[in-house]
Amino acid sequence: MATARTKHLKRLRRLHRSARGWSVRAGLLTGATAVLVPYSGLGLPDAFWAAGAGGSIAIAVWRWLDLRAFRRLPVPEEPDPALAGALAREKLVGLVQRLPAGRTVLSEIDRQRETFRLRGLTVAEPWKRLDRASTMLSGLIGRLGPAAEAAVLDATVAEQSLRDLAQRTASVERAMGLGPAGESLRPAHAMLAAQLEQGVTAYEQFVTAAAGCVAEDSATVGNLADATAFLRGVAEGLADLRTAPNPRPQPA
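Described below are features of the structure shown in this document.

Reading guide: rules and limits
- Residues numbered from 1 in each chain as written.
- Predicted model: local features only at pLDDT ≥ 70, side-chain atom pairs only at ≥ 80, totals over all residues.
- Heavy atoms only, no water.
- Helix = DSSP H or I, 4+ residues; strand = E, 2+ residues; numbered from the N terminus.
- Buried < 20%, exposed > 50% of the residue type's maximum accessible area, 1.4 Å probe, protein only.
- Areas by Shrake-Rupley, 256 points an atom, 1.4 Å probe, with all protein chains shown as cover.
- Core = buried A, V, L, I, M, F, W, Y, C linked by side-chain atoms within 4.5 Å.
- Contact = heavy atoms within 4.5 Å.
- Phe/Tyr/Trp six-rings, centres within 6.5 Å; stacked < 30°, edge-to-face > 60°.
- Lys NZ or Arg CZ within 6 Å of the ring centre and 35° of its normal.
- Patch = residues over 30% accessible without salt bridge, like charges linked within 9 Å, V, L, I, M, F, W, Y side chains within 5 Å.
- Salt bridge = Lys/Arg side-chain N within 4 Å of Asp/Glu carboxyl O.
- Expected span 1.5 Å × (residues − 1).

Focus: the overall build of the protein chain
Phase 1 of the analysis: If you tally the helices and strands in the protein chain, you get nine helices and zero strands.
Phase 2 of the analysis: In the protein chain, the succession of helices and strands from N to C terminus is α-α-α-α-α-α-α-α-α.
Phase 3 of the analysis: Scored against the burial criterion, the 252 residues of the protein chain give a buried share of 29%.
Phase 4 of the analysis: Accessible area for the protein chain stands at about 16100 Å²; split by element, carbon and sulfur atoms hold 62% of it.

See below:
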């Protein structure tokens, strides 16, 4: 992507080339007029030569004046590479989003990148399970019907709460590697991990009940209300947990 500095320098070169080009044309036409008029006398063709020479001289003068004025302008600074990279990425993301399947592709890329960041942590496996269940629910939403809209909304809220909890648990686990001071976070990490496991299990049960409703399985249709109530309770507990202050390592 062309920066403001690049555009400025490019225009400066273009003005310089234009000024030199019109100076050459003016010189050629003026020389031809100076030679041909005394040689053949004044006539109608000589008027065109003289007009061309005069016009070229005027345009050349204007071009040099434009070049001098533009040279007085400050040259923009080089952009910050990080900012330039962010702008280029934003432009690329906007371009991809306009494609038919662009949003889906970007969502999958973000999901894979987040999964990679959690690799090696205890939250990696619950995160993968949540991803699988969320993908399955996305394929069921269009078949559940309007009666299940409230339940799907509860599931969406619960999923976001679970993802926030997973990120919080991962932050605590990373802080546990700070040394002896991080050991004081172990009980808090165990509590968060248990909450995450309970929440992901409840979300999976909800998705299983939703799949049963789509299949019209009499053994699972009645479970959707129970699974929704259980998931809603888990989401409310996660919301209360999210408002609590982040645990910090205590000095040894």
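Focus: the nonpolar core
Phase 1 of the analysis: With 36 residues, the main nonpolar core has Leu137, Leu196, Tyr203, Phe206, Val207 and Leu231 as its most contacted residues.
Phase 2 of the analysis: Elements supplying a minimum of two residues to this core: α5 (124–144), α6 (149–175), α7 (186–215) and α9 (223–243).
Phase 3 of the analysis: Of the residues forming this core, the biggest block, 10 residues, is contributed by α6.
Phase 4 of the analysis: If we ignore the near neighbours within four places in the chain, the residues touching Tyr203 are Leu130, Ala133, Ser134, Leu137, Ala155, Glu159, Leu162 and Leu231.

Concerning the packing of aromatic side chains
Phase 1 of the analysis: Under the defined criterion, the tally for this structure stands at zero aromatic pairs.
Phase 2 of the analysis: Above the plane of the ring of Trp22 lies Arg25, whose end atom (NZ or CZ) is 4.6 Å from the centre.
Phase 3 of the analysis: The ring of Trp127 is capped by Arg163, whose NZ or CZ atom sits 4.8 Å from the centre of that ring.

Side note on a nonpolar patch on the surface
Phase 1 of the analysis: A contiguous nonpolar surface patch, about 400 Å² in accessible area, is contributed by Ile57, Val61, Trp62 and Leu65.
Phase 2 of the analysis: Note that Leu65 resides in helix α2 (residues 44–71).

Focus: α7
Phase 1 of the analysis: For α7, spanning 30 residues, the distance from its first C-alpha to its last is 43 Å, which sits close to the expected 44 Å at 1.5 Å a residue.
Phase 2 of the analysis: Backbone geometry just downstream of α7 places Glu216 in the positive-phi region, at approximately 55 degrees.

Purely geometric numbers; function is a separate question.
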